[in-house]
Amino acid sequence: MRIAYLERTVHETDGESKPNGDVSTISKSIDLQGSVETGDKTTIASKDFGGLYSTKPLALIKPAGSDDISRVIKAASRIPRMTVAARGNGHSINGQAMTNGGLVIDMRSTEENHFRLLNINGSFFIDVSGGALWENVLTRCVSRFGLAPRSWTDYLSLTVGGTLSNAGVSGQAFRYGPQISNVMELEIITGKGDKTVCSETRNPELFFGSLGGLGQFGIITRAMVKLQPAPDMVRWIRVVYTEFDEFTRDAEFLVSRDDGESFDYVEGFVFCNNDDPVNGWPSVPLDPVHGFNPGIIPQTGASVLYCLEVAFHYQKGDHPSTVDKAVAGLLKRLRFVEGLKSQVDLSYVEFLLRVKRAEEQAKANGIWDGPHPWLNLFISKSNIVDFDQTVFKKMVKDGIGGPMLIYPLMRSKWDNRTSVALPDSEIFYLVALLRFVSRGPSVEESVAQNREIVEWCIKDGLDFKLYLPHYQSKEEWKRHFGNQWTRFVERKASFDPMAILAPGQNIFKRTHLS
């Protein structure tokens, strides 16, 4: 889950956010099977991965299950100005998993409540807790059943409910859609405290509103996710481009092809045309034996270069020559720089957990726990060349201290009934500036640059959306949702009448939106 950070504003003194209540009042009003933690034990709930906010809750609730969550929300609704935030693995960037003086629900305590394989008319699904980590869903599904969900995020130490509340995007989304396009059923605790099961045909407004709904329609406590047979192995390949138009042509070509006629995973990133170990050539090779040879780069190479990252799935029983032929057939259609190709073969699970290994290295180097003012945007195909010229080649040409992802997605793979706002074109790009402040510009410089990029997008009239949004005013939210605004607010009013479900700085309280 990646979330845009635009503004460092913490409403610690906002009188409207101060609840009239204390832990003893709450404890007396509900009969929890789980536990209530206060004082120093709430420290984990006062921060998140972004490291940009610190907001102390009144209490940290560790529910035993969905009934506990229902009781907490009903109790909170009876206390003036009390708010509730659901916290998965705390990977939000802008304090979405926090609430100032309110109640934070630790969803991880419910991870083991649901894990059941279902066969419905010959199709397989996993019925899993909203508090489960995707990495655990992956390993358990593959090891027990030889099956796996179809769509992922790049980083899998995120909860099921957390990514489904946002979208869930990675290099498989061009084929299967985001994670929210691969869900059959949800169990949700609404803002009224009602436990509701919903699907495309059962309570559909709640179902589609909650998918990508930023937690505003309720807390996802259970999800039924589509599965498919898991491959054994992956050939992971990176190829390099000097020209942006050739990079986008090949990326769009791959994501537009029919099933079985392309790679199984397509992403891309921008890197600096220099030897910087974080931002430059050393960030590209997959095979440690073969480094990056800058002598191959044509003289036309600009300040930044482009890497297309693809993967091909196969089984252990497949003959090596069959895999080689299939991969070669796809690569020969691409226009990358000859000689700048890197590849490795690894297991399917190892490939999907590749960022986990990067996380372990970052923690060992002391850079994981620093601030992360990340910016993520959906940019229409019609504007992506202008974005490259202005942002990649000028604003961030010296790097950001972390990956600069860019890859195309297909709008037709997204269900327009969900709450996610997208650009209008069929092909649009995810652009993600994943900053690690400890090895790049300062927090203040990063935040200012993020703001500058977004303001430029607005000023030049780009067809873009923040992924995922974090605005501070009604006008900004209205611009973001466009013609979806009325539907979003009406949906929220139906399921959260007390306006107690709110991320971060409570900007989604209905009193601010209606």
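Cut-offs and rules
- Residues numbered from 1 in each chain as written.
- Predicted model: local features only at pLDDT ≥ 70, side-chain atom pairs only at ≥ 80, totals over all residues.
- Heavy atoms only, no water.
- UniProt positions renumbered as here; feature names shortened; annotations may be inferred.
- Helix = DSSP H or I, 4+ residues; strand = E, 2+ residues; numbered from the N terminus.
- Pairing = 2+ DSSP bridges.
- Axes fitted to C-alpha atoms, helices over the stretch in contact; angles between N-to-C directions.
- Expected span 1.5 Å × (residues − 1).
- Buried < 20%, exposed > 50% of the residue type's maximum accessible area, 1.4 Å probe, protein only.
- 1 Å grid on protein atoms, 1.4 Å probe; cavity = no way out; pocket = protein on both sides within 12 Å on 5 of 7 lines; lining within 4 Å.
- Points joined across faces, edges and corners; volume = space filled by probe spheres on them.
- Nonpolar A, V, L, I, M, F, W, Y, C, P; charged D, E, K, R; others polar.
- Contact = heavy atoms within 4.5 Å.

**Looking at the UniProt feature "domain: FAD-binding PCMH-type" (unreviewed entry) in the protein chain**
UniProt marks residues 53-230 with the feature "domain: FAD-binding PCMH-type" (unreviewed entry), using the numbering shown here. As a span, residues 53-230 carries 22% helix and 29% strand, and end to end its C-alpha atoms are 39 Å apart.

**Topic: the sheet that holds strand β16 (residues 404-410)**
The strands making up a sheet associate through hydrogen bonds between their backbones, and the pairing can be parallel or antiparallel. Sheet architecture is open: 8 strands sit in the order β14-β11-β13-β12-β16-β17-β15-β18, paired in antiparallel fashion. If you trace the sheet from one side to the other, it starts and ends with β14 (341-347) and β18 (464-466), each paired once. The sheet shows a mean angle of 20 degrees between the axes of neighbouring strands, direction not considered. One ladder, built from 7 bridges, connects β16 with strand β17 (residues 427-433); its direction is antiparallel.

**A word on unusual backbone geometry**
Cis peptide bonds are those with omega within 30 degrees of zero, and the linkage from Tyr467 to Leu468 qualifies with 0 degrees. Mapped onto the elements, Leu468 comes out in the loop between β18 and α13 (474-481). In the Ramachandran plot, Arg81 falls in the positive-phi region, its phi being about 65 degrees despite a non-glycine side chain. Tracing the backbone through its elements, the reader meets Arg81 in the loop between α2 (66-77) and β3 (84-87).

**Concerning helix α7 (residues 244-256)**
In an α-helix, one full turn covers 3.6 residues, which means residues spaced three or four apart are oriented alike. With 13 residues, α7 extends 18 Å from end C-alpha to end C-alpha; this agrees with the ideal 18 Å at 1.5 Å per step. Along α7, the positions that sit buried rather than exposed are Phe244, Phe247, Thr248, Asp250, Ala251, Glu252, Phe253, Leu254 and Val255.

**Remarks on the layout of surface pockets**
Roughly 1200 Å³ of volume is contained in the largest pocket. Residue lining of the largest pocket: 43 residues in total, with Arg238, Val355, Ala358, Pro403 and Arg439 positioned closest to the centre. With 7 residues, helix α10 (residues 354-364) is the single largest residue contributor to the lining of the largest pocket. For the lining of the largest pocket, a count of residues per class yields 27 nonpolar, 7 polar and 9 charged.

**Remarks on empty space enclosed by the protein**
Summary: where empty space remains is shown by rolling a probe the size of a single water molecule over the atoms. Per the counting criterion, the structure on display carries 4 cavities of 30 Å³ or more. Taken as a whole, the second largest cavity encloses approximately 70 Å³ of empty space. Taken together, 13 residues form the lining of the second largest cavity, with Val420, Ala421, Leu468, Pro469 and His480 sitting closest to its centre. In terms of residue class, the lining of the second largest cavity is built from 9 nonpolar, 4 polar and no charged.

**Digging into the sheet that holds strand β4 (residues 103-106)**
The sheet built from 4 strands is open, its strands ordered β1-β2-β4-β3 with mixed pairing. Both outer strands of the open sheet, β1 (35-37) and β3, are each paired with one neighbouring strand and no more. Strand after strand, the sheet turns through a mean of 25 degrees between neighbouring axes, direction not considered. Its contacts with the sheet put α2 on β2 (59-62), β3 and β4, and the angle it makes with β4 is roughly 175 degrees.

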